[in-house]
Each structure stands twice: as C-alpha cells, then as structure tokens.
Amino acid sequence: MTAHNVDTDLVITRTFDAPVERVWEAWTQSDHIKKWWGPKDFTAPHVQIDFRVGGKYLYAMHGPKGSPFDMDMWSAGEFREIVPMQKIVATDHFADKDGNYISPNSVGMPGTWADEMIVTVTFEDMGNGKTKLTVVHQGHPTEMVENATMGWNQQLDKLAAIL
C-alpha cells in the first residue's frame, strides 16, 4: 500500500474547553475513544489501540439501528509519529474485523481513494485550560470530503461533550 493524496485534505480545527492533557487522553485511551468515535448517533463497539510508534489500531463504528449504516464499519492503521501532548500521525484505511485492508469501493464508497490515508492530529495548549486541536485527514476523493467533514465534526462534537 502507498500513501498519497487523492484529491484533497480534510482540515478541521477546534478549540476545546479542556486542558491538553485531557484532550490527549481522550485520543489515546480506548475507554475514552469509545465514548466519542463515530458521527452523531453512531457507537464505537470495538476500539483496540497499541499506542506507540509502529503500533496498530482497529476501530469499529456502528450506525443507528434501522439505518443503512446499522452495521460495524471498520478502520485500521498504524501510528507513524507520536509527540506526547503535541502530535499524532497515523495511517488510516478501511478494514475488515481483523484489521486487513479492504477497498472503500467494496463497501459502497464512491470515488478514487488512496490505498492508505494519513491522519495528523495536533494539540496546542492555548492556556486557561483550553486546547486547540487540528485534524488533517489526507486521501479522500472530492465527492466524499463533505460527508467526511460532517462525520468528523459530529464526532468532535461528541468529544467536546465528554471533555
């Protein structure tokens, strides 16, 4: 698999009313990730994380009952760079329940996707107990950027609520 930019980078910046240590913990510990991973009305029934450079993760999100997304949808990747309290860089790809790569098109996702996307998350201590978070997700086809941005914003809303 190769990582490359397909059409556009999705970039979202949020400021949370929580200290950087708490935001970092929410991104790096499975029991916290389960509380906010996935868009509104989605759950995260499986979060497995080996948080170290070279470590892998495997997450499932499950859509609302009775919706077209009422199933486990898996993503996996590997941590490439970790700077504590400052930065996480990981690969990201669609996966089966065992973490093996699957084509986004095989699960009905339109467009031409990178085999492997890259997610870079930066954490900036803004003082006064606030943290600026920036997520850059590379490798989305143009036709999926709007939906992916909506999904990220909804899950970051859930993150804000638990912080």
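For clarity, every value in this text was computed on a predicted model and none was experimentally measured.

*Asks:* Explain the sheet that holds strand 6 (residues 117-127) to me, please; I cannot follow it from the model alone.
*Replies:* Spatial ordering of the open sheet is given by 1-7-6-5-4-3-2, a layout of 7 strands whose pairing is antiparallel. Taken across any chain shown, the strands that pair with only one partner, and hence form the sheet edges, are strand 1 (8-16) and strand 2 (43-49). Between one strand axis and the next, the sheet turns through 20° on average, direction left out of account. Against the sheet, helix 1 (residues 20-28) engages strand 1, strand 2, strand 4 (72-83), strand 5 (87-95), strand 6 and strand 7 (130-140), with an angle of about 160° to strand 6. Against the sheet, helix 3 (residues 142-162) engages strand 1, strand 6 and strand 7, with an angle of about 20° to strand 1.

*Asks:* Is there a simple way to explain the nonpolar core in this structure?
*Replies:* Val23, Trp27, Phe123, Leu133, Trp152, Leu156 and Leu159 are the most contacted members of the largest nonpolar core, which totals 29 residues. When residues in this core are grouped by element, the largest group, 5 residues, is from helix 1. Excluding residues within four positions of it along the chain, leucine 159 makes contact with Phe16, Ala26, Trp27 and Trp36.

*Asks:* Would you explain helix 3 in this entry?
*Replies:* Between its first and last C-alpha, helix 3 extends 31 Å over 21 residues, near the 30 Å set by a 1.5 Å rise per residue. Turning to helix 3, its buried residues number three or more, namely Met144, Val145, Ala148, Gly151, Trp152, Gln155, Leu156, Lys158 and Leu159.

Reading the values: the criteria
Residues numbered from 1 in each chain as written. Predicted model: local features only at pLDDT ≥ 70, side-chain atom pairs only at ≥ 80, totals over all residues. Heavy atoms only, no water. Pairing = 2+ DSSP bridges. Helix = DSSP H or I, 4+ residues; strand = E, 2+ residues; numbered from the N terminus. Axes fitted to C-alpha atoms, helices over the stretch in contact; angles between N-to-C directions. Contact = heavy atoms within 4.5 Å. Core = buried A, V, L, I, M, F, W, Y, C linked by side-chain atoms within 4.5 Å. Buried < 20%, exposed > 50% of the residue type's maximum accessible area, 1.4 Å probe, protein only. Expected span 1.5 Å × (residues − 1).

In short, shape yes, function no, at least from these values alone.
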